[in-house]
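# Coordinates in review
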Amino acid sequence: MQALLSKIFEDVKPLMGKGKVADYIPALASVDPNQFGIAIFSNEGDLYQIGDADTPFSIQSISKVFSLTLAMKHYGKDMWQRVGREPSGLPFNSLVQLEYEHGIPRNPFINAGALVISDMNQSRFASPHYAMSEFVRRISGNPEIKTDLQVADSEYEFRHRNAAMAYLMKSNGNFENEVEDVLKSYFANCALRMSCVDLAKAFNFLANKGYCTISQEQVISEEEARQVNALMATSGMYDEAGHFAFQVGLPGKSGVGGGIVAIVPGRFSICVWSPALNKVGNSCAGVAALESMSKHIGWSVY
Ligand SMILES: NC(=O)CC[C@H](N)C(=O)O
C-alpha cells in the first residue's frame with residue numbers, strides 16, 4: 001500500500017498548484033497552493049500517509065458531514081422534513097433552487113442544507129461549535145484540533161450569500177434560531193483545522209458500519225452510516241458528483257480548503273488535500289489522486 005501511495009503521489013504531483021486557491025474567503029487566499037498530502041486509515045487501524053498529510057488545513061465543507069452526523073444522532077428520521085436527499089446539480093452556494101422549492105434545501109451538503117442542519121444543532125446544543133470540536137477531537141483521537149478564528153471571522157464578515165439563504169429559509173418557516181447565531185456556528189465549524197491524518201481517522205466510522213475504533217463508540221447506526229455514504233456519493237462533490245462517481249466511484253466530500261474525504265465501505269477512509277481548486281471548488285490534485293487510486297486498486301462501490 002505504501003509503495004502504491006508513493007507512485008500515486010509522484011504521478012499526481014505535477015498537478016499540485018494547478019487551479020486556484022479559494023479567495024472568496026479572504027483569509028483562505030493566502031494558503032500556499034504547493035502542498036499535497038494523502039492519508040489512508042484502515043478499519044484494522046493501519047495508517048498510510050505521504051506528503052503533507054500531517055499539515056492542518058481548513059476543513060470547510062467537509063464539516064457538513066460531521067454536522068449531519070451530530071444532527072442524525074438526535075433527530076433521526078424527523079429531520080428529513082426540513083432538508084432533502086437529492087443532488088442539486090448546482091453550485092454549492094446557489095440560491096435559485098431554494099426559492100422555487102419553498103426554502104427546503106435539496107440536500108445537507110449544499111450550503112443551504114448545511115445551514116438548516118446547523119440550525120437543528122443550534123436548537124439542540126448550548127454551544128454547537130463546542131459540541132462539534134469535542135466530537136471531532138474524540139473520533140480522530142487528536143485533542144489538539146483547533147478552530148482558525150481568523151478564517152471564521154473572515155467568513156462572517158463576507159457572509160452575505162449564506163446569510164441570504166438563511167433569511168430566505170427563515171421567511172419560509174424552515175429556520176428556528178437567530179440567523180446570525182447559526183451563521184457564526186456554521187462558519188466556526190467550517191474553520192476547524194484538521195490534517196489528512198486527522199480526517200482519515202475521524203471519517204473511519206463511515207467505512208466501519210458507524211463504529212469508531214479510535215473512540216470505541218457506535219457513532220451512528222449501521223443503517224445511518226450507509227445513508228450518509230449514499231448522500232456523499234450523490235451530493236458530496238457539488239455539481240461534480242456525477243463525474244466523481246463515474247471516475248472514482250466512492251462516496252466523497254470536498255471542501256474549499258482543498259480537502260477531499262472518500263470512503264471505501266468495509267475497508268478504508270481516505271483524505272487527500274491540495275489547496276488549488278477547479279471551477280466547481282474541488283481540489284484539482286485531490287480529485288486526480290482519488291481517480292488514480294481508484295483505477296489502480298479497483299475500489300469503486302459500483
Ligand atoms: N464548499 C465549501 O467548502 C464552502 C464552505 C464555506 N464555508 C462557505 O460557506 O461558503
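What this report covers is the structure whose coordinates are included nearby. (Residues numbered from 1 in each chain as written. Predicted model: local features only at pLDDT ≥ 70, side-chain atom pairs only at ≥ 80, totals over all residues. Heavy atoms only, no water.)

With that settled, consider the site of the ligand. Around the ligand sit Y24, Q60, S61, F92, N111, E155, N162, Y186, C190, Y238, G255 and V256, and those are all the residues in its vicinity. One of the side-chain N or O atoms of N111 is found 3.1 Å from an oxygen atom in the ligand. Residue V256 places a main-chain N or O atom 2.8 Å away from an oxygen atom belonging to the ligand. In the complex, the protein chains occlude 99% of the 300 Å² of accessible area that the ligand would expose alone. For the shell around the ligand, a count of residues per class yields six nonpolar, five polar and one charged. (Near = heavy atom within 4 Å. Polar contact = N/O pair within 3.5 Å; in protein donor to acceptor, adjacent residues only side chain to side chain. Areas by Shrake-Rupley, 256 points an atom, 1.4 Å probe, with all protein chains shown as cover. Nonpolar A, V, L, I, M, F, W, Y, C, P; charged D, E, K, R; others polar.)

Bringing the pairing of strand β10 (residues 268–273) into the picture now. Each regular strand displays side chains that alternate between the two surfaces of the sheet. β10 sits mainly inside the fold: six of its six residues count as buried. With burial as the criterion, each face of β10 is covered, one bearing F268, I270 and V272 and the other bearing S269, C271 and W273. Note: strand β9 (residues 259–264) against β10, six bridges, orientation antiparallel. Paired with G259 across the strands is W273, a residue of β10. Hairpin connection of β9 to β10: three residues between the antiparallel strands, including G266 at a positive phi of 85 degrees. (Buried < 20%, exposed > 50% of the residue type's maximum accessible area, 1.4 Å probe, protein only. Helix = DSSP H or I, 4+ residues; strand = E, 2+ residues; numbered from the N terminus. Pairing = 2+ DSSP bridges.)

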